[in-house]
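# Close look at the chain arrangement
Listed here are the chains, written in short residue letters.
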Amino acid sequence: MKLIVIIIFFLIPNISIAKLKVVTTTTTLAEFVKQVGRDKVEVTSLTKPQEDPHFVEAKPSYMVKLRQADLLVAVGLELEVGWLSNVQRGAKNPKLLDKKFGFFTAGDFINAIEIPKGKVDRAQGDVHPFGNPHFHLSPVESQKVILALAKKLGELEPNSKTIFMANAEEFNKVLESQISKWQERVNKSKIRELISYHKSFNYFLNFFNITPIAYIEPKPGVPPTPKHIIQLIKLIKDKKIKCIFNESYFETTAAKRLQKVTQATLKVVPVEVETNYIDLIEKLVSAIEDCSKGVM
Ligand SMILES: [Zn+2]
């Protein structure tokens, strides 16, 4: 009897401080999980903010991280198609393969844009076949993901269900309070068209009424050719494009050339959370303002 009491005494503190172990594919998703789960979760992102999540080397250390995890949170819409399933299989943690249990893909909860019509083939480059997966740069799509994550964490940890939902609602409220300020600043900048390397910013640009007029890569996943660059130079001059966004994880040689021979401003900007989500969107909004003022 005494022994049982002692065992229980040592077990209880462990039970009460047991945190949900969550692994995400990107730092932005890790930030969302942290905001919703706070002290009840332990979160790790497989990639760093400077790493391109389309192409990641499936390292054995990722499998080790997944082996211990309760939940895997991915972007989905085939963003991680080239690498994540290998990591999932290698982890030997079957619950992380099933969306009914420990697998969550944020793309299931958003309104995807740019869903290709007809057959997708290799000649079109690395087209995202289920639509553009870079929805996390739209504050409203992110709000949907935050709520869905709260629901998922609540299923895994029913005792904290209401806390997760309250945290999610609080985060969404803070975000909401920023949105109109950001919109006002972008409107004031008068930037209405922009060139980026890849279609990474299209949800952000749609949200702020800016048209992604062209891309530095001629096709998704295909590096720029001299011919394509010449076409872009002509387009920038003809349309008086003021703003080029180059994702910090893509090479900048072509973008620098465009900046040099045109009047456009090049901003090398992050795509994923470096410190927190508000800061990420803030950086993009500031970069738009810089383009309007010609600040490099
Ligand atoms: Zn992409």
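Within any chain, residue numbers begin from 1 and follow the written order of that chain's sequence. The predicted origin of the model limits local features to residues at a pLDDT of at least 70 and limits the giving and counting of side-chain atom pairs to 80 or more, whereas totals for whole chains, interfaces and linings rest on all residues. Remark: hydrogens and water are excluded; side-chain values derive from all non-hydrogen atoms of the structure.

## Notes on the pattern of salt bridges
The line we're drawing: Between Lys or Arg on one side and Asp or Glu on the other, a salt bridge is scored when a side-chain nitrogen of the former is within 4 Å of a carboxyl oxygen of the latter. Secondary structure counts use DSSP, requiring at least four H or I residues in a row for a helix and at least two E residues in a row for a strand, with both numbered from the N terminus.
Inspection of the entire model under this criterion finds ten salt bridges. A salt bridge links lysine 144 to glutamate 141; the shortest N-O distance between them is 3.0 Å. Here lysine 144 and its partner glutamate 141 are both found in helix H5 (residues 139-156), three residues apart, which amounts to about one turn of the helix. Residue arginine 185 pairs with glutamate 282 through a salt bridge whose shortest N-O separation is 3.0 Å. Residue arginine 185 is found in helix H6 (residues 161-189), and its partner glutamate 282 is found in helix H10 (residues 277-293); the two are separated by 97 residues along the sequence. Members of the salt-bridge network, linked through shared partners, are Arg185, Glu282 and Glu289.

## Some details on the packing of H5 against H6
The description of two helices packed together rests on the angle between their axes and the distance between the axes. To be explicit about the condition: For helices, the axis comes from a line fit to the C-alpha atoms of the stretch in contact; other axes are also lines fit to C-alpha atoms, and the angle between any two N-to-C directions lies between 0 and 180 degrees. For this classification, under 35 degrees means roughly parallel, over 145 means roughly antiparallel, 65 to 115 means roughly perpendicular, and everything else is oblique. It only takes one pair of heavy atoms within 4.5 Å for two residues to be counted as in contact. Polar here means any residue other than Ala, Val, Leu, Ile, Met, Phe, Trp, Tyr, Cys and Pro, which are nonpolar, and Asp, Glu, Lys and Arg, which are charged; Gly is therefore polar.
For the pair H5 and H6, the least separation of the axes is 8 Å and the interaxial angle reads 175°. When the interaxial angle is binned, H5 and H6 end up roughly antiparallel. For the pair H5 and H6, the contacting residues are Pro139, Gln143, Ile146, Leu147, Ala150, Lys151, Leu153 and Gly154 in the first and Lys161, Phe164, Met165, Ala168, Glu169, Phe171, Asn172, Leu175, Glu176, Ile179 and Trp182 in the second. Looking at the contact of H5 with H6 residue by residue, the class counts come to twelve nonpolar, three polar and four charged.

## Some points on the state of the cysteines
Heads up, the rule is: When two cysteine sulfur atoms are found within 2.5 Å, that pair is recorded as a disulfide. To sort residues, take the accessible area from a 1.4 Å probe on protein chains only and compare it with the maximum for the residue type: under 20% means buried, over 50% means exposed, and anything in between is partly exposed.
With the rule as written, the count across this model stands at one disulfide. Sulfur-sulfur distance for the disulfide between cysteine 243 and cysteine 291 comes to 2.0 Å. Linking cysteine 243 and cysteine 291, the disulfide has an S-S dihedral of approximately 60° and is accordingly described as right-handed. Of this pair, cysteine 243 sits in strand S7 (residues 243-247) while cysteine 291 sits in helix H10, and the two are 48 residues apart along the sequence. For the pair cysteine 243 and cysteine 291, one class covers both residues: buried.

## Comments concerning the pairing of strand S2 (residues 41-45)
Quick note on the threshold: Two strands form a pair only when DSSP identifies at least two bridges running between them. Crossovers are described as right-handed under a simple rule: with the strands pointing away from the observer, the path leading from the first strand over the helix to the second runs clockwise.
As paired elements, strand S1 (residues 20-24) and S2 share five bridges and run parallel to each other. Considered in S2, the bridge of valine 23 is made with threonine 44. In this view, the connection linking S1 to its parallel neighbour S2 by way of helix H2 (residues 27-37) has right-handed handedness.

## Details of the pairing of S7
Here S7 lies mainly inside the structure; five of its five residues are buried. Alternating residues of S7 divide into Cys243, Phe245 and Glu247 and Ile244 and Asn246, and every residue in both groups is buried. With five bridges connecting them, S7 and strand S8 (residues 265-269) associate as parallel partners. Across the sheet, the residue bridging to isoleucine 244 is leucine 266, located in S8. Since S7 and S8 lie parallel, the crossover through helix H9 (residues 253-261) that links them has a hand, and here it is right-handed.

## Some thoughts on the sheet that holds strand S5 (residues 193-196)
Within the open sheet, the four strands sit side by side as S6-S5-S7-S8. Their pairing is parallel. A strand with exactly one partner marks an edge of an open sheet, and here the two such strands are strand S6 (211-215) and S8. Ignoring which end each strand starts from, the neighbouring axes of this sheet average 30° apart. Two strands pair when backbone bridges link them, and S5 and S6 are joined in this way by four bridges, in the parallel orientation. The residue of S6 that forms the bridge with serine 196 is tyrosine 215. The sheet strands contacting H10 are S5, S7 and S8, and the helix crosses S8 at an angle near 170°.

## Here we look at the coordination of the zinc ion
Condition: Note that water is not among the atoms considered, so a metal site may appear incomplete; the donors listed are N, O and S atoms within 2.8 Å of the metal, with 3.2 Å applied to Na, K and Ca. Note on geometry labels: four donors, all angles 85 to 135 degrees, give tetrahedral; four donors become square planar and six octahedral when opposite donors are over 155 degrees apart and every other angle is between 65 and 115; remaining cases are irregular.
Summarising the metal site, the zinc ion is bound by the protein donors His54 (NE2), His128 (NE2), His134 (NE2) and His198 (NE2), whose distances to it range over 2.0 to 2.1 Å. Between the four donor atoms coordinating the zinc ion, the angles at the centre fall across 101 to 122°, so the site counts as tetrahedral. Binding-site remark: the zinc ion is held by donors from one chain whose sequence spacing is H-x73-H-x5-H-x63-H. Of this pair, histidine 54 sits in the loop between S2 and helix H3 (60-67) while histidine 134 sits in the loop between strand S4 (103-105) and H5; the two residues are 80 residues apart in sequence, bridging distant segments of the chain. With a relative accessible area of 9%, histidine 54 lands in the buried category. Assessed through its relative accessible area of 2%, histidine 134 is described here as buried.

## With respect to the nonpolar core
What counts, and what does not: To qualify as a nonpolar core, a set must consist of buried Ala, Val, Leu, Ile, Met, Phe, Trp, Tyr and Cys residues joined through side-chain atoms within 4.5 Å.
Counting 70 residues, the largest nonpolar core has Phe204, Ile216 and Phe245 as the members making the most contacts within it. Here this core takes eight residues from H10, the largest share from any one element. Not counting the four nearest positions on each side in its chain, isoleucine 216 is found in contact with Ile195, Ser196, Tyr197, Pro224, His228, Leu232, Ile244, Asn246, Ala254, Ala255 and Leu258. If you look at the next biggest cluster of nonpolar residues, it comprises 15 residues, including Tyr62, Met63, Leu66 and Ala74.

## Observations regarding the side chain of glutamine 88
Position of glutamine 88 relative to the elements: it lies in helix H4 (residues 84-91). Not counting the four nearest positions on each side in its chain, glutamine 88 is found in contact with Leu66, Leu72, Leu96, Leu97 and Phe103.

Read these as layout, nothing more, since geometry by itself doesn't imply function.
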